[in-house]
Amino acid sequence: MIADADAHHRDSNVRPAVGVGVMIRRGQQVLLGKRQGAHGAGSYGWPGGGLAFGESLIDAVRREALEEAGLIVLGSPRLVCVSNVVEYERHYLDLEFEVTEFEGEPKVMEPKFIENWDWYDIGDLPQPLFQPCQLALRSLSEGLALNDSGQQGS
């Protein structure tokens, strides 16, 4: 558990942080929430956040899904892509994972940061999408493993 949820951004003006995204899929649907109170506010994204010091990537995936949406990740999450994201006045190395096995029904666990959770058809997603989610979906459709946005606003 992260003692200070924003610790990974504390020196992000000096060095990149590490982010982990959790694309939770139910067939052809993906779980998205409207972000608020944090970078990317007003965009739609799936659960995710900063990697805690000493935490494994899979533990971060499981923690973020539980902390943000109340879902228990089962099985092995699949790495979708690694992206160098420079957006929202932040710079972070982002690892996006796909989860298809989970227990529970999504619920808003952090109302300060997520307005609501809902299932959306992967071919008809709400806009705007959070940048790391856009890059992960591009990776899935184009078979990319690495995305390098490299500059603000790309």
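Residues numbered from 1 in each chain as written. Predicted model: local features only at pLDDT ≥ 70, side-chain atom pairs only at ≥ 80, totals over all residues. Heavy atoms only, no water.

Focus: a nonpolar patch on the surface
Then, in step 1: On the surface, Leu-66, Ile-72 and Leu-74 cluster together into a nonpolar patch covering about 240 Å² of accessible area.
Then, in step 2: Judged by relative accessible area, Leu-74 falls into the partly exposed class, the value being 33%. (Patch = residues over 30% accessible without salt bridge, like charges linked within 9 Å, V, L, I, M, F, W, Y side chains within 5 Å. Areas by Shrake-Rupley, 256 points an atom, 1.4 Å probe, with all protein chains shown as cover. Salt bridge = Lys/Arg side-chain N within 4 Å of Asp/Glu carboxyl O. Buried < 20%, exposed > 50% of the residue type's maximum accessible area, 1.4 Å probe, protein only.)

A closer look at the pattern of salt bridges
Then, in step 1: Counted by the stated rule, this structure contains six salt bridges.
Then, in step 2: Across the salt bridge formed by Arg-63 and Glu-67, the nearest N and O atoms sit 3.3 Å from each other. Remark: Glu-67 and Arg-63 occur in helix H1 (residues 57-69); sequence separation between them is four residues, near one turn of the helix.
Then, in step 3: Classification of Arg-63 as buried rests on a relative accessible area of 10%. (Helix = DSSP H or I, 4+ residues; strand = E, 2+ residues; numbered from the N terminus.)

Regarding unusual backbone geometry
Then, in step 1: Of the consecutive residues Gln-127 and Pro-128, the connecting peptide bond is found in the cis state with omega at -5°.
Then, in step 2: Backbone geometry at Tyr-88 places phi at a positive 60°, although glycine is not the residue there.
Then, in step 3: Along the polypeptide, Tyr-88 turns up in the loop between strand E6 (78-87) and strand E7 (90-99).
Then, in step 4: For Tyr-88, a relative accessible area of 23% puts it in the partly exposed group.

Describing the packing of aromatic side chains
Working definition: an aromatic ring pair is given by the centre-to-centre distance plus the angle between the planes.
Then, in step 1: Across all of its chains, the model carries three aromatic pairs by this definition.
Then, in step 2: With 6.1 Å between their ring centres and 75° between their planes, Tyr-44 and Tyr-120 make a pair best called edge-to-face. Here the residue Tyr-44 occupies a position in strand E3 (residues 44-45), and Tyr-120 occupies one in strand E9 (residues 114-121), the gap between them amounting to 76 residues.
Then, in step 3: Looking at Tyr-44, the relative accessible area reads 15%, which means it is buried.
Then, in step 4: Exposure remark for Tyr-120: the relative accessible area of 18% places this residue in the buried category.
Then, in step 5: Ring geometry for Phe-102 versus Trp-119: centroids 5.9 Å apart, planes at 25°, classification stacked. Residue Phe-102 is found in strand E8 (residues 102-103), and its partner Trp-119 is found in strand E9; the two are separated by 17 residues along the sequence.
Then, in step 6: Owing to a relative accessible area of 14%, Trp-119 belongs among the buried residues under this scheme. (Phe/Tyr/Trp six-rings, centres within 6.5 Å; stacked < 30°, edge-to-face > 60°.)

Observations regarding the environment of Phe-97
Then, in step 1: Here Phe-97 shows up in strand E7.
Then, in step 2: In the structure, Phe-97 is positioned 40 residues away from Leu-57 in sequence and 9.4 Å away in space, judged by C-alpha atoms.

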